[in-house]
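Results of the structural survey
Given next are the chains, with one letter for each unit.
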Amino acid sequence: MTNSNNRSATHSIHPMFLDRWSPRAFTGEAMDRATLMTIIEAGHWAPSAFNYQPWRFVYALKGDKHFDALLGTLIEFNQGWAKNASALIFVISDTLSRPADGSAPKLSRSHSFDAGAAWGYMALQAIHSGYHAHAMTGVDFDKAAAVMGVPSEYKIEAAIAVGKMGDKSILPEGLQAKETPNSRKPLSDVASEGTFKA
Ligand SMILES: Cc1cc2nc3c(=O)[nH]c(=O)nc-3n(C[C@H](O)[C@H](O)[C@H](O)COP(=O)(O)O)c2cc1C
């Protein structure tokens, strides 16, 4: 049993897994580039099939010229709170496996799985660095592809808002009520021995 961040895990795990959560109230303060790169670096050390490293990261720091353009690709709801993030990172994956021996590229089975691992690593590094990361698929993906210049064989997986947690009073009332770490289904609902359980 592990308790942290007002959450309880049945089995004993590192508390960082409970400490990572997805707040929407960010302070909007500036973040230094080295800290942002530390978080992205952590993502880059995720494992991937054949070590193809299919992830790509497009980022902008608040106050820099690209921030508003990237923010503008989020759906309005997400723009409302993510505007106070200190940085935005888009996680993109290469849908093609490109073997190092130069043989023909083929469809990758695991590009999203691998990129998801990279997001998880970044989220944990963010906590370790004193920040929080909040993933979003509430994105206008066509607009995002155009703004970032993403070729069609790459998939934009998600956007991530990174920032210092702020006071929930800066959020609209409806969101203030939700601004608290949530829980999980019982582990037995999602883990089964030997055969699949829906
Ligand atoms: C792939 C993905 C997409 C998400 N999209 C959004 C989003 O568009 N807007 C939002 O406010 N939260 C979004 N979330 C946050 C989830 O709602 C949140 O991670 C989930 O409720 C679990 O809560 P926790 O991260 O605090 O543990 C997203 C999370 C993930 C992983």
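Our subject is the structure that appears above.
Calculation criteria
Residues numbered from 1 in each chain as written. Predicted model: local features only at pLDDT ≥ 70, side-chain atom pairs only at ≥ 80, totals over all residues. Helix = DSSP H or I, 4+ residues; strand = E, 2+ residues; numbered from the N terminus. Buried ≥ 20, exposed ≤ 12 C-beta atoms within 10 Å, placed from the backbone. Contact = placed C-beta atoms within 7 Å. Core = buried A, V, L, I, M, F, W, Y, C linked by C-beta atoms within 7 Å. Pairing = 2+ DSSP bridges. Axes fitted to C-alpha atoms, helices over the stretch in contact; angles between N-to-C directions. Near = placed C-beta within 6 Å. Nonpolar A, V, L, I, M, F, W, Y, C, P; charged D, E, K, R; others polar. Left-handed = near helix turned anticlockwise from the far one by under 90°. Expected span 1.5 Å × (residues − 1).

Let us look at the overall build of the protein. When helices and strands are tallied, the protein shows 7 helices and 8 strands. Its C-alpha atoms give the protein principal-axis dimensions of about 55 × 50 × 30 Å. Classification of the 198 residues of the protein by burial places 27% in the buried group. Considering only contacts in the protein between residues 6 or more positions apart, those separated by 24 or more positions represent 72%.

Attention now moves to the nonpolar core. With 36 residues, the main nonpolar core has L88, I89, F90, V91, M122, I160 and V162 as its most contacted residues. Here M122 is in contact with I39, I40, A42, G43, A133 and I160, once residues within four sequence places are set aside.

If you walk across this open sheet you meet the 4 strands as β3-β4-β8-β7, and the pairing is antiparallel. The open sheet has two free edges, formed respectively by β3 (55–61) and β7 (132–136), since each of these has just one partner strand. The sheet shows a mean angle of 25° between the axes of neighbouring strands, taken without regard to direction. With 5 bridges joining them, β7 and strand β8 (residues 154–163) adopt antiparallel strand pairing. What sits directly across from H132, in β8, is G163.

As a matter of local geometry, the ligand sits amid W21, S22, N78, A135, M136, T137, G138, A158, P181 and N182. In terms of residue class, the shell around the ligand is built from 5 nonpolar, 5 polar and no charged.

Further remarks concern the environment of P172. By the secondary structure assignment, P172 is in the loop between β8 and α7 (173–178). For the pair formed by P172 and A25, sequence separation is 147 residues and the distance between their alpha carbons is 10.0 Å.

The backbone of F50 sits at a positive phi, close to 55°, despite the residue not being glycine. As for its position among the elements, F50 is in the loop between α2 (33–44) and β3. One non-glycine residue with positive phi stands out, namely Q53, at about 55°. For Q53, a count of 17 C-beta atoms within 10 Å corresponds to the partly exposed category.

Right, let's get into the pairing of strand β4 (residues 87–94). Taking burial as the measure, the 8 residues of β4 include 8 buried ones, the bulk of the element. Bridging between β3 and β4 involves 7 bridges; their strand directions are antiparallel. Across the sheet, W55 pairs through a bridge with S93, a residue of β4. Where β4 lies against β8, 8 bridges are found, and the strand directions are antiparallel.

Another aspect to go through is the packing of α2 against helix α5 (residues 111–128). Interhelical geometry of α2 versus α5 gives an angle of 140° and a closest axis separation of 7 Å. The chirality of how α2 crosses α5 is right-handed. Across from T38, I39, I40, A42, G43 and H44 in α2, the residues of α5 making contact are A118, W119, Y121, M122, Q125 and A126. Considered class by class, the residues forming the contact of α2 with α5 number 8 nonpolar, 4 polar and no charged.

Okay, the environment of S93 next. With respect to the helices and strands, the residue S93 is situated in strand β4. Distance in space between the C-alpha atoms of S93 and A42 is 16 Å, their sequence separation being 51 residues. Non-local contacts of S93, meaning those with residues more than four positions away in its chain, are made with P54, W55, H111, S112, D114, A115, Y154, K155 and E157.

Time to look at α5. Between the first and last C-alpha of α5 there are 26 Å, a value that for 18 residues agrees with the 26 Å anticipated at 1.5 Å per step. Restricting attention to buried positions, one finds in α5 the residues H111, D114, A115, A118, W119, Y121, M122, A123, Q125 and A126. Here the buried face of α5 lies against α2, β3, β4, β7 and β8. Remark: G130 follows α5 within two positions and exhibits a positive phi of approximately 90°.

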